[in-house]
Structures are given as C-alpha cells and as structure tokens.
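# Chain and residue survey
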Amino acid sequence: MAGVRSARILQYGRRAAELVWTTSPALTIVVALVTIVSGVAPAVIAYVGALIVDGVVAAARAAASAGVAPRMHVMELVALEGLLVALSAIAQRGSGMCQSLLRDRLGHRVNVMILEKALTLELRHFENSELYDKLLRAQREATSRPLSFVTNVIGLLREGISLASYAALLIGFSPWAMAVLLLAGVPTFIAEARYSQAAFKLFRRRSPDLRMQSYLETVISRDDHVQEVKLFGLGPMLLDRYRANFRQYHDEQRQLTLRHQSASLALSLIGTAAYYGAYAWIAFSTIVGRTTLGQMTMYLSLFRSGQGAVGTALASVNRLYDDTLYLSTLYEFLETPSRSRAAGGLQCGPHPRDGIRFEQVSYHYPGIARPALSDVTLHVRPGESLALVGENGSGKTTLIKLLTRLYTPTAGRILLDGLDLEAWDEDALRRRVGVIFQDFTRYQFTVGENVGAGDVRYYEDESRWRAAADKGLATPFVVAMPGGFRTRLGKWFDEGRELSGGQWQKIALSRAFMRTDADIVVLDEPTAAMDAAAEAEIFEHFRALMKQRIAILISHRFSTVRMASQIVVLEKGRVIERGTHDELMRDAGAYSRLFLLQAKGYR
C-alpha cells in the first residue's frame, strides 16, 4: 500500500509541480520562501520564550543585587519575540495571499487545458457517457488540485523544518520525547488514508449521478427547456428526482463522514494521552531540578507544537495522496486518445472535377451492434445535387458527418476530388464544405456573430455577414431589428432578442453561406420550421446559388427533394434506391410510396 501510494505521489507530483511552476515561477518562489520562514519561526519563538522565562526567574532572584541590567535583557528578548511573532504572521499572510493569486491563475490555466483538449477530441468522444464522466471529474476537482498538491508539499516541507528544529531542542530533554511525538500521530494518519481512498472511490462511482444532478438543474432552470417543463407540469416531478438523487449521494457521503469522524475522534485521544504523558514527564523533571522553569515552558510548547506539526505533516502526506487521486482524473481526461491533425496535410486532390465518392462505406457507432451505414456507394459531381431520403435513423445525418470528417468510416473510404478524406488537411477540407445541421446551434451572441461563426477567418467582417445574410434570406428581418447585425440574440443576457424557428433557420443558412469558397453545401432539414411559401422561396434561391457546386439535401418534404439531380433512399443504413424523381416514381418502390403518402395529405 505504501509503495503504491509513494509511486502515485511521485508520478503525479512532478507533473503538478511543473504545472504550478510554469504558471508563475515568481509566486511559486515567494510561497516556498515564506513557507520556510513559517516552518522555522515557531521553534525560534519557543526558544526565545524559554530565555524570557528563565531571565524573569533570574531577575527576580537577583533583584536586590543585579539592579536594572537583567530586566533590560529580558525586555530585549520580549521585543525580539514580538518581532519574530510579527514576522511569522507576515509570512503566513504573505503565503495565503500568494497562494490565493496562484490558485486563480492555476485554476484558469487548468480549465484552459481541459477546453483545449476538448477541442482536439472527435465527435464520437462527446457521444460517449464515459468521456462526460471524465470531463465532469476533471472540472469539479482537478482545477484546484495541482496547487493543492504543491501547497501540501510546501506544507510538508514547512512541518519537516519545524520538526527538525523541535527535535534539535527536545533532544536536550530526552531522545525518547521525539519518538513519542512521532508515534502518537500514526493511528490518525492511517485513519485519514483509509478515508481518502473511500471518498475518492465514492466520487468516481457517483460521477454519473452528479452529472444527472447538473442536467436536472439545466432542465429546470434554462429557457430552452422551461416552456415544456411548465406546459407539461414537469417541474415538481423533476425537482423530486433532483432531491432523491441528492439524498442517495448524500446518504453515502454522510455514512462515510460519520465513520471517518468517529475513528478520527477515537484516535485523537491517543494524541491527547501522549501529550499529557509528556506533560507529566516534563513537570516531574522540573520538580526534581533537572529542568529549569523556562525549559519546561519551552519543552511543553515544543511538544504541543510538535504534536500539531506531526499531525499536520502526516495529514499533508494523506492530502498529497488524495490530491494525486484527483489529479489522475485530470490527466485521464487530458490523455484521452484523439486523432492527430497531422494524419492528412494535402490541400487539393488530383481530380478537381471528380466531386465526392463514397466507396463501400460503413460506420458502426461504438457499443451498437447494427451499423448506422452499411456498404454505401455513391458519386456526386460538381454541378449536381444529391437528396437523401429515408425514415428517421436510416443513416442520413451519419453520412453527412462522415463527409465532414466528424466521424471516420469503420470500413470503405470517402474521396473528394480523387483524394481520400483522411489525406486532406482538415481545415482545407472544412473550408470546402458549408453545412446547416438540423440541430444547429443558437449562439447567445449578436446576429453578426451568429452568421460569422460559419467562417472564423471572417468572424468579425460585417461585409461578409451582410453578403451571407443576403444568400440566406435573413437580411429583411435583421435590418428591421433595432441594432441590425449588432442585435444580441437569445434571452440569456441583457437586451437579447428571441427569433422564431424559421428566422433562426435563416440565420443558420446564412452561416453556411459564410464560406464563400465552399463548393459543397449540405442542408439537413433546413426548412423544417418554415412555412410553405418561405420554403419555396429558399429552395428557388438555393437552386440559383448552387450552379457549379455540389448540393446535398436532407429533407422529409418531397416537394423540395424532387428538384435534386440524384435521389438516394436509405433504409437501416443501406442504399435501397437511387435515381431522379421521375425514375424513382416509375419504379414504384419505397420513394414512390413515401411521396404518394405525403402527397395524399395535401389532397
């Protein structure tokens, strides 16, 4: 157990120390220096205190013959002790101040590290609950643990210095006094170590429940959920679930805390017995004349302080182990394998007019037996449009995510301009593609920033905003807003303005058109929230814009699908039909059946 603990402390300790040091070398040095001062000061103060007591006794005995000189010597010692106490207080305050400043900077840095790592992960990682548990654990604890680790190392150093200085003075009384001092703290140390392990195991085991706590808070309190919560009367039920979730976690935590505190209380009595045993020992030594009154005062102070130092030192060792347990959660997340951006670096393909090819492409979601796509082969050339048709779950959106390299095929390959997507430079590839997903993001930013998000190179370029909004047919309602493109959207911040579903879709469509060099435009249910007239206008406008480009459309509305030069019907991840609208209607297969079924609703 001790070997494992030492190895773990060394493993993560070096990394934590490097992290703290690189965050602020100056603050780290100051914290170390004031810690050393804090460690030496108590023993020096105790030694000066003993000199004061002995000086007072000597002065009282020699008052008749010694005159004023002895008393002046005592006053100088009192002044020295006062100066030392002030210096110790300044050191403690300075240490606290520096640690507070360092904690803020370190917490920010670790959060940035977590977010930077998140940016390197693929979409599949975020569709894995285990990753969310890792992320939650890292965010909840690990932002403060590196500083805590280094602070505990410094604290251990401080207490070690204090104990060394106490030992140098106590050995004058008896070498056994130091042995008693050290052994008295061991039982409490063992109890704390067992508690640390148990608490960490509970923390890891309950991570999904804590994540559910956070999710329930979001559902109950956020604007994008609150309308349904109120309309369906879900509030009391969700709040009851929130309370029950907390009670279950709290009950386990309470039982663990009670066991820990009960054991700690019982074992602390050993330390109390050791102190009063030493008290009697020192008092008896003073009575028989082997120890002066000043020395007795010093030894008692040293034993009391030493007992506290031993307890603090051993607690620091436990906290170090505790910190390394939680640091492991940070590094587990930071070391999550992610695909290297260096996998591909080419900017163009050998056959620019070849377009997009899917060659026997399959994709399995992790942990799901049935493939989302199976043996899909298709070809779309520049100037052509492709419509994907099929029931929900047939693999349409998965195919788009493979095209944009958010996923990597588990079999087969996808080529653009005759070059495998894996060989493309990721940024160059994504500049070629403009996408509006069905579940597009509604940023609580300004209109211009919402549009500009489509191309971060021109994120703040207002002329690009306006051109993209014209193409997305958003300009009429944007210019009618009080702040135009500077109007904040959403209700999370002051003066935010909410849009209708159709208006939000036009903003998202404009976002896709921000990429002026994109020759592949993908629309995933782009008009689901629009009325028929707006939808007709959008697609007529879209058809004019897409000449010489590749357009890929996903829609359940067959009035828009029929305009595509190629229609592919997917069922359970497989292509079951392909052709033009007229060809598929003549075949009288799945497409024809779905088209006629929808058309029947308009008769």
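This text goes with the structure placed above it.
This section reports on the structure supplied with the text. These numbers were taken from a predicted model, which means no experiment stands behind them. (Residues numbered from 1 in each chain as written. Predicted model: local features only at pLDDT ≥ 70, side-chain atom pairs only at ≥ 80, totals over all residues. Heavy atoms only, no water.)

Next up on the list: the overall build of the protein. Secondary structure summary: the protein contains 23 helices and 10 strands in total. Buried positions account for 44% of the 603 residues belonging to the protein. By sequence separation, contacts in the protein at least 24 residues apart represent 76% of the contacts at least 6 residues apart. On the protein, roughly 30,600 Å² of surface is accessible, and the fraction owed to carbon and sulfur atoms is 59%. (Helix = DSSP H or I, 4+ residues; strand = E, 2+ residues; numbered from the N terminus. Buried < 20%, exposed > 50% of the residue type's maximum accessible area, 1.4 Å probe, protein only. Contact = heavy atoms within 4.5 Å. Areas by Shrake-Rupley, 256 points an atom, 1.4 Å probe, with all protein chains shown as cover.)

In an α-helix, one turn spans 3.6 residues, which is why side chains three or four residues apart end up on the same side. By the criterion of burial, helix H14 (residues 396–403) is predominantly enclosed, with 7 of the 8 residues buried. Listing the buried residues of H14 in full gives Lys396, Thr398, Leu399, Ile400, Lys401, Leu402 and Leu403. Just downstream of H14, arginine 405 is the residue with a positive phi angle, here 65°.

Further remarks concern the layout of surface pockets. Of the pockets and cavities examined, the largest pocket occupies roughly 1,400 Å³. Mapped onto the lining of the largest pocket, the elements with two or more residues apiece are helix H4 (69–120), helix H5 (123–126), helix H15 (426–431), strand E6 (433–436) and helix H19 (501–512). Across the lining of the largest pocket, the residue classes tally to 17 nonpolar, 5 polar and 14 charged. (1 Å grid on protein atoms, 1.4 Å probe; cavity = no way out; pocket = protein on both sides within 12 Å on 5 of 7 lines; lining within 4 Å. Points joined across faces, edges and corners; volume = space filled by probe spheres on them. Nonpolar A, V, L, I, M, F, W, Y, C, P; charged D, E, K, R; others polar.)

Another aspect to go through is unusual backbone geometry. Despite not being glycine, arginine 405 shows a phi value in the positive range, around 65°. With respect to the element layout, arginine 405 can be found in the loop between H14 and strand E4 (411–416). Non-glycine residue lysine 572 carries a positive phi angle of around 50°. Tracing the backbone through its elements, the reader meets lysine 572 in the loop between strand E9 (566–571) and strand E10 (574–579).

Judged by nonpolar contacts, the single largest core of 31 residues is most densely connected at Ile356, Phe358, Leu388, Leu399, Ile400 and Ile552. Of all elements in the fold, only strand E1 (356–363), strand E2 (373–380), strand E3 (385–389), H14, E4, strand E7 (520–524), strand E8 (550–554) and E9 reach the threshold of two or more residues within this core. Apart from residues no more than four positions distant in its own chain, isoleucine 552 is found in contact with Ile356, Leu386, Leu388, Ile400, Leu403, Val521, Val522 and Leu523. In this structure, Leu102, Val110, Ala138 and Tyr331 belong to the second largest nonpolar core, which totals 25 residues. (Core = buried A, V, L, I, M, F, W, Y, C linked by side-chain atoms within 4.5 Å.)

With that out of the way, let us pick up the pairing of E3. Most of E3 sits inside the fold, with 5 of its 5 residues counted as buried. A two-sided burial pattern is seen for E3, the buried positions comprising Ser385, Ala387 and Val389 on one face and Leu386 and Leu388 on the other. Pairing of E3 with E9, which is carried by 4 bridges, proceeds in the parallel orientation. Residue alanine 387 lies in a different strand from E9, and its bridge partner there is isoleucine 567. (Pairing = 2+ DSSP bridges.)

Further remarks concern a nonpolar patch on the surface. Taken together, the side chains of Trp21, Ile29, Leu33, Ile36, Val40, Val44 and Leu157 make up a nonpolar region of the molecular surface, amounting to roughly 580 Å² of accessible area. Examining the composition of the nonpolar patch, we find that 5 residues originate from one element, helix H2 (residues 25–61), more than from any other. One can find valine 40 in helix H2. (Patch = residues over 30% accessible without salt bridge, like charges linked within 9 Å, V, L, I, M, F, W, Y side chains within 5 Å. Salt bridge = Lys/Arg side-chain N within 4 Å of Asp/Glu carboxyl O.)

Assignment of secondary structure puts serine 394 in the loop between E3 and H14. Within the structure, the side chain of serine 394 is placed 2.8 Å from the backbone oxygen of glutamate 391, a separation counted as a polar contact. Among the polar contacts made by the side chain of serine 394, one reaches the side chain of lysine 396 at a distance of 3.5 Å. Contacts of serine 394, omitting those with residues within four sequence positions, involve Ala372, Leu570, Glu571, Lys572 and Gly573. (Polar contact = N/O pair within 3.5 Å; in protein donor to acceptor, adjacent residues only side chain to side chain.)

Enumeration according to the criterion identifies 6 aromatic pairs in this entry. When the ring of tyrosine 591 is compared with that of phenylalanine 595, the centres are 6.2 Å apart and the planes differ by 25°; the resulting orientation is stacked. In this pair, tyrosine 591 and phenylalanine 595 both sit in helix H23 (residues 590–600), 4 residues apart, roughly one turn of the helix. As far as the burial class goes, tyrosine 591 and phenylalanine 595 line up, both buried. Among the aromatic residues, those joined into a ring-pair cluster are Tyr363, Tyr365 and Tyr407. Over the ring of tyrosine 458 we find arginine 464, and its NZ or CZ is 3.6 Å from the ring centre. (Phe/Tyr/Trp six-rings, centres within 6.5 Å; stacked < 30°, edge-to-face > 60°. Lys NZ or Arg CZ within 6 Å of the ring centre and 35° of its normal.)

For the rest of this paragraph, the subject is the sheet that holds E4. With antiparallel pairing, the 4 strands of this open sheet are ordered in space as E2-E1-E4-E5. Only two strands of the sheet have a single partner each, and these edge strands are E2 and strand E5 (419–420). Two elements, E4 and E5, share 2 bridges in a ladder whose sense is antiparallel. When the sheet's bridge partners are listed, leucine 416 is paired in E5 with leucine 419. Set on the sheet, H14 makes contact with E1, E2 and E4; between it and E1 the angle comes to about 120°. (Axes fitted to C-alpha atoms, helices over the stretch in contact; angles between N-to-C directions.)

For arginine 413, the position within the fold is in strand E4. Along the chain, arginine 413 and valine 376 lie 37 residues apart, while their C-alpha atoms are 9.8 Å from each other. If near-sequence neighbours (up to four positions away) are discounted, arginine 413 is found in contact with Arg357, Phe358, Glu359, Val361 and Asp420.

A few words on the pattern of salt bridges. By the definition in use, this model includes 10 salt bridges. Glutamate 462 serves as the salt-bridge partner of arginine 486, at 3.0 Å between the closest nitrogen and oxygen. Of this pair, arginine 486 sits in the loop between helix H18 (475–479) and H19 while glutamate 462 sits in helix H17 (residues 462–471), and the two are 24 residues apart along the sequence. What makes glutamate 462 partly exposed here is its relative accessible area of 26%. Taken together, the shared-partner salt bridges in this structure form one network comprising Arg405, Glu426 and Arg430.

Along H17, the residues classified as buried are Trp465, Ala468 and Ala469. Viewed along the axis of H17, the buried residues span an arc of 100°, placing them on a single side of the element. Buried residues in H17 make contact with helix H16 (447–452), H18 and H19. Once H17 finishes, leucine 473 follows within two positions and takes phi at roughly 60°, a positive value. (Arc of directions from axis to C-beta.)

All right, on to the side chain of arginine 432 then. Residue position: arginine 432 is located in the loop between H15 and E6. Judged by relative accessible area, arginine 432 falls into the buried class, the value being 16%.

Let us look at the sheet that holds E3. Strand order in the open sheet formed by 6 strands is E6-E7-E8-E3-E9-E10, and the pairing between neighbours is mixed. Looking at which strands have only one partner, the edges of the open sheet turn out to be E6 and E10. Each neighbouring strand pair of the sheet contributes to a mean axis angle of 15°, computed without reference to strand direction. H14 rests against E3, E7, E8 and E9 of the sheet, and its axis sits at about 150° to E8.

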